[in-house]
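Each chain is listed here by its residues.
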Amino acid sequence: RIVAQEKLLASLKKYKRGLLMYYFSDDNTRQWMYYSVSQIGKVITGSTPPTNDRSNYDGNLLFCSPGDVGGKKYISSTEKRVSPKGFAFGRPLPPNAVIVTCIGLIGKLGIATTDMITNQQINALVVSEGFDYEFIYYAFENFFPEYRSKVSMQTLPILSKSEFEKLMIKVPILDVQLKISSHLAAMDRRIEHTQQELNALLEQRRGFMQQLFI
């Protein structure tokens, strides 16, 4: 059952990659318009509250760093938390902001589900009206693998706020954005559900193994 579930998960991820390639292929994007990231929304670069003052930390407010990004599409929790005082030192992001890591491994992505701040290794895009934030997430998911290959030879790749704002992304009209993001989001939900089922099987197997050797 575990092997079958692993194969299903791999197949779903491969199919989603194929969908991304299809939707963002040259044939399908001929009528789309180029926009710079700065035209799509407001870019906010994070900042870290002073670490020498512990009263800035150990609160209940989210403080996102690159380690919190890339595992799941939606970011609803973070390893580190800050107090209201620490939160005031940051640059708050609203829900639905698209989060992008911009130092080291560039292009890890997530979507904020609640208000949060980030550290300086992250640029976030607060998407403007007329653009679908989920579509922009998928446009970045399609864009950044090729971008990373171009900067991978650098000792420490860095995508500054000004460079990030200048990146050009092809975008269709809003109705098309919504149709594409809806299809891809449905695939992501199926992948996540399949991963959860695999995790449950692995946990069940660990339980069986413990019982065998007690």
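Heads up: the structure comes first, above all this text.
We now turn to the structure provided with this report. (Residues numbered from 1 in each chain as written. Predicted model: local features only at pLDDT ≥ 70, side-chain atom pairs only at ≥ 80, totals over all residues. Heavy atoms only, no water.)

We now examine the packing of aromatic side chains. The tally for this structure, following the rule as stated, stands at twelve aromatic pairs. Taken together, a centroid distance of 6.3 Å and an interplanar angle of 70° make the contact between Tyr57 and Phe63 edge-to-face. Assessed through its relative accessible area of 7%, Tyr57 is described here as buried. Since its relative accessible area comes to 4%, Phe63 is described here as buried. (Phe/Tyr/Trp six-rings, centres within 6.5 Å; stacked < 30°, edge-to-face > 60°. Buried < 20%, exposed > 50% of the residue type's maximum accessible area, 1.4 Å probe, protein only.)

Quick look at the packing of helix α1 (residues 2-23) against helix α6 (residues 174-212) now. For the pair α1 and α6, interaxial distance at closest approach is 10 Å and the crossing angle is 165°. On the basis of their axis angle, the class for α1 and α6 is roughly antiparallel. For α1 against α6, the interelement crossing comes out left-handed. Tallied by class, the residues present in the contact of α1 with α6 amount to 15 nonpolar, four polar and seven charged. (Axes fitted to C-alpha atoms, helices over the stretch in contact; angles between N-to-C directions. Helix = DSSP H or I, 4+ residues; strand = E, 2+ residues; numbered from the N terminus. Parallel < 35°, antiparallel > 145°, perpendicular 65-115°, else oblique. Left-handed = near helix turned anticlockwise from the far one by under 90°. Nonpolar A, V, L, I, M, F, W, Y, C, P; charged D, E, K, R; others polar.)

Right, let's talk about unusual backbone geometry for a bit. The phi angle at Asp58 is positive, at roughly 60°, despite the residue not being glycine. Within the secondary structure layout, Asp58 lies in strand β3 (residues 57-64). Assessed through its relative accessible area of 65%, Asp58 is described here as exposed. With a phi close to 80°, Asn96 is a non-glycine residue in the positive phi region. Assignment of secondary structure puts Asn96 in the loop between α3 (84-89) and β6 (98-101). Given a relative accessible area of 34%, Asn96 falls into the partly exposed group.

Let us look at the nonpolar core. Ranked by internal contacts, the top residues of the largest apolar core, which has 41 residues, are Ile136, Phe140, Phe144 and Phe164. Looking at this core, the elements with two or more residues in it are α1, α2 (37-40), β6, β7 (109-112), β9 (122-127), α4 (133-151), β10 (168-171) and α6. For this core, the leading source of residues is α4, giving nine residues. One finds Ile44, Leu93, Ile122 and Ala124 within the second-largest nonpolar core, a separate group that totals twelve residues. (Core = buried A, V, L, I, M, F, W, Y, C linked by side-chain atoms within 4.5 Å.)

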